[in-house]
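Listed here are the chains, written in short residue letters.
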Amino acid sequence: MSVTRQILLALGLGILSGLALNAGSGALPEGSVAWLDSHLLTPVGQIFLRLLQFVVVPMVFGALIMSLTNREGGADVGRHAGRLLGSYVVTSAVALTLGMLVAHWLTPGSGAESLVDSAPEGRNADSIAQWLVGLVPNNPFTALGGGGLLQVIFAAALIGLAMRALPEESAPLHRVIESGYTVSLKVLSFVLKLAPVGVFALITSVIATQGLDLLMRLGMYVIGLIIALALMALLYLVLLAVTGARPLAFVRHFGQSLGFAFGTASSGATLPLALGNARDYGMNESLASFALPFGTALKRDGAAVLQGFNALFVAQLFGIDVTTSLVITVFTTGLLVSFSTAGVPGAGLVAMTTVLGAAGLPLEGVAVVAGVDRFTDGLRTALNVMGNCANAALLERFDSRKPAAEPKSQA
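Just so we're clear, the structure is a prediction, and the values are computed from it rather than from any experiment.

**Notes on the confidence of the model for the protein chain**
For step 1, the next point in the chain: Looking at the protein chain as a whole, its pLDDT mean stands at 79, while 82% of the residues score no less than 70.
For step 2, the next point in the chain: Confidence drops under a pLDDT of 50 for residues 113-127, and excluding neighbours within four residues, the segment shows 18 contacts in the predicted structure.

What follows is the structure, given as structure tokens:
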């Protein structure tokens, strides 16, 4: 059985196991489900995520260095970055708009009541200047040790460009980095053998401890958010079809990454799988090794949909008129916040406080949706990964200097 099918099977079994544990918690000794979660399910899931994060940085660093030092593809990196940023802004704006339109159409906040009096504490958004300063690491070891993908990309770009300018002198270092990248791929193959177990533990933990009661009370909210996410995913498939980027092959080859993103709710942890899926899909390796880490650090379609949808939901919940100025504020702030949302579970709620605060909406709205956030977080992450990979595939189709690669046969 392929790894993709094993992950999907683990997701299904995890959902069923979580439901069984949650439904039978009354018949079990008091606190037994919580004990099982804290002593088995959560530790297993967290260990698996840490193993993936262990391999992400060396993979990204090595792939970017080899991409930049490749004579054929290294010169294209600057052009790729500009085109990707342009496509990110456009598609994220569309995602944000879809979220607001679906919320306006379904009005999920009408009639809903807040049962929680407190909201998670927000944080002040970093200024553009602070964000730019944060891109530059103090030293390359800080970038590699901290795990921030944008800093890793910056460090790899500087080192890669220097190595490209000194091909003979940098040859020994290039061999070391290439060897390290190959070793990291092997480590990844070991870690992926644990993927079904890790995904099973993560999804079982969520459903067993949270249950479906609140999910049912906020049913229209969840349905509306799923509709908005599905519309954005459908739009990507249409764009892939129109540009000849083989949408069915895209879904087949990246299905493993999408299922894994749903189970872990972490786009950063999914990156190693996405890089492997891109090779199977036939994406140019030099482009993929730059575009996918770049998009993992910046591209958040799921976060964009969430911010637009949640802002209008909260306005409806508290009976606040949705004015033109409010829509403009939500759109502008939500677009900026979507690019700075961390690719880890629960980051969308923290970002939501920034958008609501900027629009003058009650922060208590965060507490209303906090209970169901983890149920939708996986779907949003899957859209994040899909948008990242689709933008890279679309860029390849529009890159006139390279013909479209044929997909490799799957084992």
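**Digging into the UniProt feature "transmembrane region" (unreviewed entry) in the protein chain**
For step 1, the next point in the chain: If you check UniProt for "transmembrane region" (unreviewed entry), the listed places come out as residues 47-65, 85-106, 141-166, 187-208, 220-242, 254-275, 310-337 and 349-372 in our numbering.
For step 2, the next point in the chain: Helix makes up 100% of residues 85-106 and strand 0%, with an end-to-end C-alpha separation of 32 Å.
For step 3, the next point in the chain: Spanning residues 187-208, this segment combines 91% helix with 0% strand, and its end C-alpha atoms are found 31 Å apart.

**Details of the nonpolar core**
For step 1, the next point in the chain: In this structure, Tyr-221, Phe-260 and Met-283 are the most contacted members of the largest nonpolar core, which totals 106 residues.
For step 2, the next point in the chain: The residues touching Phe-260, leaving out its near neighbours within four places in the chain, are Ile-7, Phe-48, Leu-52, Ala-195, Val-199, Ala-269, Thr-270 and Leu-273.

**Quick word on unusual backbone geometry**
For step 1, the next point in the chain: In this structure, Thr-107 takes a positive phi of about 45° despite not being glycine.
For step 2, the next point in the chain: Structurally, the position occupied by Thr-107 is in the loop between helix H3 (77-106) and helix H4 (128-135).
For step 3, the next point in the chain: With a phi close to 55°, Ala-265 is a non-glycine residue in the positive phi region.
For step 4, the next point in the chain: Mapped onto the fold, Ala-265 is located in the loop between helix H11 (247-264) and helix H12 (267-281).
For step 5, the next point in the chain: What makes Ala-265 buried here is its relative accessible area of 1%.

**Some thoughts on the environment of His-80**
For step 1, the next point in the chain: Note that His-80 resides in helix H3.
For step 2, the next point in the chain: Sequence-wise, His-80 and Ala-291 are 211 residues apart; in three dimensions their C-alpha atoms are separated by 7.6 Å.
For step 3, the next point in the chain: Filtering out sequence-adjacent residues up to four positions away, His-80 remains in contact with Leu-287, Phe-290, Leu-395 and Asp-399.

**Concerning the packing of aromatic side chains**
We describe a pair of aromatic rings using the distance from one ring centre to the other and the angle between the two ring planes.
For step 1, the next point in the chain: Within the structure shown, the criterion is met by eight aromatic pairs.
For step 2, the next point in the chain: Judged by centre distance (5.5 Å) and plane angle (70°), the ring pair of Phe-48 and Phe-260 falls under edge-to-face. In this pair, Phe-48 is assigned in helix H2 (residues 32-69) and Phe-260 in helix H11, connecting sequence segments 212 residues apart. We note that Phe-48, like Phe-260, is buried.
For step 3, the next point in the chain: Residues Tyr-221 and Phe-313 carry aromatic rings whose centres are separated by 4.8 Å and whose planes lie at 55° to one another, so their mutual orientation is tilted. Note that Tyr-221 is positioned in helix H10 (residues 219-242) and Phe-313 in helix H14 (residues 301-317), a separation of 92 residues in sequence. Phe-313 matches Tyr-221 in its accessibility class, with the two residues each being buried.
For step 4, the next point in the chain: Put simply, the rings of Tyr-88, Phe-290 and Phe-294 pair up and form one aromatic cluster.
For step 5, the next point in the chain: For the cation-ring pair, Arg-246 lies above Tyr-281, with the distance from its terminal atom to the ring centre recorded as 4.5 Å.

**Section: the side chain of Ser-184**
For step 1, the next point in the chain: Note on placement: Ser-184 falls in helix H7 (residues 171-192).
For step 2, the next point in the chain: Its relative accessible area of 5% is what places Ser-184 among the buried residues.

**Some details on helix H18 (residues 373-398)**
For step 1, the next point in the chain: Given a rise of 1.5 Å per residue, 26 residues ought to cover 38 Å, and the 36 Å separating the end C-alpha atoms of H18 matches this to within 8%.
For step 2, the next point in the chain: Within H18, 23 of the 26 residues are buried, which leaves the element mostly enclosed by the surrounding structure.

**A few points about the packing of H14 against H18**
Two numbers describe a pair of packed helices, the interaxial angle and the distance between the axes.
For step 1, the next point in the chain: Interhelical geometry of H14 versus H18 gives an angle of 130° and a closest axis separation of 6 Å. As judged from the angle between their axes, H14 and H18 are oblique. Along the contact surface, H14 presents Asp-301, Gly-302, Ala-303, Val-305 and Leu-306, while H18 presents Arg-380, Leu-383, Asn-384 and Gly-387.
For step 2, the next point in the chain: Each residue belonging to the contact of H14 with H18 can be placed in one class, and the counts come to four nonpolar, three polar and two charged.

Criteria and thresholds
- Throughout this description, residue numbers start from 1 for each chain and increase along the sequence as written.
- The predicted nature of this model means local features are confined to residues of pLDDT at least 70 and side-chain atom pairs, given and counted, to a pLDDT of 80 or more, with totals for whole chains, interfaces and linings taken over all residues.
- Side-chain measures here rest on the full set of heavy atoms in the structure, leaving out hydrogens and waters.
- Confidence of the prediction at every residue is given by pLDDT, a number between 0 and 100.
- The contact criterion used is simple: two residues touch if any of their non-hydrogen atoms lie within 4.5 Å.
- UniProt positions are given in the numbering used here, feature names are shortened, and annotations may be inferred rather than shown by experiment.
- Secondary structure elements are taken from DSSP: a helix is a run of H or I of four residues or more, a strand is a run of E of two residues or more, and numbering for both begins at the N terminus.
- Residues belong to one nonpolar core when they are buried, are Ala, Val, Leu, Ile, Met, Phe, Trp, Tyr or Cys, and are joined through side-chain atoms within 4.5 Å.
- Only protein chains enter the area calculation, which uses a 1.4 Å probe; residues under 20% of their type maximum are buried, those over 50% are exposed, and those in between are partly exposed.
- Centres within 6.5 Å are what make two rings of Phe, Tyr or Trp a pair, Trp counting through its six-membered ring; a difference in plane orientation under 30 degrees is then read as stacked, over 60 as edge-to-face, and the rest as tilted.
- Note on criteria: charge over ring means Lys NZ or Arg CZ within 6 Å of the ring centre, with the direction from the centre no more than 35 degrees off the ring normal.
- A helix is expected to reach a length of 1.5 Å times the quantity of its residues less one.
- Lines fitted to C-alpha atoms define the axes here, with helix axes fitted over just the stretch in contact, and angles between the N-to-C directions of these axes take values from 0 to 180 degrees.
- An angle below 35 degrees is read as roughly parallel, one above 145 as roughly antiparallel, one from 65 to 115 as roughly perpendicular, and any other as oblique.
- For this classification, Asp, Glu, Lys and Arg are treated as charged, while Ala, Val, Leu, Ile, Met, Phe, Trp, Tyr, Cys and Pro are nonpolar and the rest, including Gly, are polar.

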